[in-house]
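Observations on the three-dimensional arrangement
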Amino acid sequence: MNLALTHIFGPVPSRRLGLSLGVDLVPFKTCTLDCIYCELGKTAAPVNKRAEYVPYEQLEREIKTFFASKDRASHKLDYITLSGSGEPTLNTALPRVIELLQKLTKTPIALLTIGTLFNDPEVRREAAAVNVILPSLDVVSADLFAVLNRPAPGLDVKKIIAGLIALRDEYRGKIWLEILFCRGLNDNPKEIKRLVEAVGVIKPDKVQLNTVVRPGTMIEAVTVTQAFLKEVLPKFGPQAEIIAPFSKDSDYGKTIEKTEETILATLKRRPCTKSDLEQALGLKAVEVIKILDLMLEKGEIKSLEHSGKRYFQTIV
Ligand code: SF4
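Residues numbered from 1 in each chain as written. Predicted model: local features only at pLDDT ≥ 70, side-chain atom pairs only at ≥ 80, totals over all residues. Heavy atoms only, no water.

1. Details of the overall build of the chain
- When you go through the chain residue by residue, the secondary structure sums to 11 helices and 10 strands.
- For the chain, the C-alpha radius of gyration of 19 Å lies close to 20 Å, the compact-globule estimate for 316 residues.
- For the C-alpha atoms alone, the extent of the chain along its principal axes is close to 50 × 45 × 35 Å.
- Counting across all 316 residues of the chain, residues that qualify as buried make up 51%.
- Taking the intrachain contacts of the chain between residues at least 6 apart in sequence as the baseline, contacts between residues at least 24 apart amount to 73%.
- For the chain, the accessible area works out to roughly 14,800 Å², and carbon and sulfur atoms hold 54% of it.
- Side-chain charges of the chain comprise 44 positive and 39 negative groups, with the mean position of each set lying 1 Å from the other. (Helix = DSSP H or I, 4+ residues; strand = E, 2+ residues; numbered from the N terminus. Rg over C-alpha atoms; globule rule 2.2 N^0.38 Å. Buried < 20%, exposed > 50% of the residue type's maximum accessible area, 1.4 Å probe, protein only. Contact = heavy atoms within 4.5 Å. Areas by Shrake-Rupley, 256 points an atom, 1.4 Å probe, with all protein chains shown as cover. Lys, Arg positive; Asp, Glu negative; His and termini not counted. Charge placed at Lys NZ, Arg CZ, Asp CG, Glu CD.)

2. A closer look at the site of the ligand
- Close to the ligand lie Lys29, Cys31, Leu33, Asp34, Cys35, Tyr37, Cys38, Thr43 and Ile114, which account for all nearby residues.
- Considering only residue class, the shell around the ligand consists of 6 nonpolar, 1 polar and 2 charged. (Near = heavy atom within 4 Å. Nonpolar A, V, L, I, M, F, W, Y, C, P; charged D, E, K, R; others polar.)

3. What about the packing of aromatic side chains?
- For the structure shown, the criterion picks out 3 aromatic pairs.
- Ring centres of phenylalanine 66 and phenylalanine 67 lie 5.1 Å apart, and the angle between their planes is 80 degrees; this geometry places the pair in the edge-to-face category.
- What makes phenylalanine 66 buried here is its relative accessible area of 2%.
- Consider the rings of phenylalanine 181 and phenylalanine 228, whose centres lie 5.2 Å apart with planes at 75 degrees: the pair is edge-to-face. In this pair, phenylalanine 181 is assigned in strand β6 (residues 174–181) and phenylalanine 228 in helix α8 (residues 226–232), connecting sequence segments 47 residues apart. When sorted by exposure, phenylalanine 181 lands in the same class as phenylalanine 228, which is buried.
- Stacked on the ring of tryptophan 176, the Lys or Arg lysine 206 has its end atom at 3.9 Å from the ring centre. (Phe/Tyr/Trp six-rings, centres within 6.5 Å; stacked < 30°, edge-to-face > 60°. Lys NZ or Arg CZ within 6 Å of the ring centre and 35° of its normal.)

4. Considering unusual backbone geometry
- Although it is not a glycine, lysine 29 sits at a positive phi angle of roughly 55 degrees.
- With respect to the helices, strands and loops of the structure, lysine 29 is situated in the loop between β2 (18–24) and α1 (56–68).
- Non-glycine residue arginine 150 carries a positive phi angle of around 40 degrees.
- Considering the arrangement of structural elements, one finds arginine 150 in the loop between α5 (142–148) and α6 (157–170).
- Its relative accessible area of 21% is what places arginine 150 among the partly exposed residues.

See below:
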């Protein structure tokens, strides 16, 4: 039986994790936040209640199918990333999925999370089984949190920071904290000072500074310059870095190149939206976004708005 993999994506290139196989634990845009810079679009209704949003049995079937295929399993993965199109810690199947992956592969497991649920000791205990946790913290001020991250009711940024501090105290693996800057919102000296103080108490192993790479759901999500990131970098200490543009690696370059070529050939025929490409190529939104991101960075394609939709086209 040919089982379609709807919750496994990739391997895809990740700027932070190299070649990564994604395991998507929640349905599209099931998230605690509705960030204005989200590349996946709007969160219809942010939630903070945990549940088995995708049944464990379905994830188990897909993961086993992936690893049963010699062709797929032969990729030299840098990480298996629990992430995808929403907040993975919302799924109560998280610990069983981690356990299953650890039985099937020795590839390190990364948890890409917005980190909003770590004030729940149960979530911290479950997450502690992975090799690296990549939480985010964009702001410290409650008013900016409301504007930039637009949380589910009941989420409090102070409690989120307390959860990250507790995670650091209990977790022996690596924590790489991402801070994403949006121009005119969290790039002012007051907020930067607060973020630096928060980093000082959270004590992550790395601080990764980032900015909006592609247009998000709101026009207010404007990128800061590389010069700005370089200027603030030293304030966050020696463990801070700017997230480097993705660099090709010969082990997986072919897979990525092939998808890029197919996208390029499709866009040469006509401009397409992200969903056109998903349907035409049978790829997941996250995969298409990552490859388009690379192609935009390399200047191979450009994006433009037309009748309220974002199209991608080749540069002629
Ligand atoms: S936390 Fe991530 S998935 Fe959720 S809205 Fe923000 S950017 Fe999108």
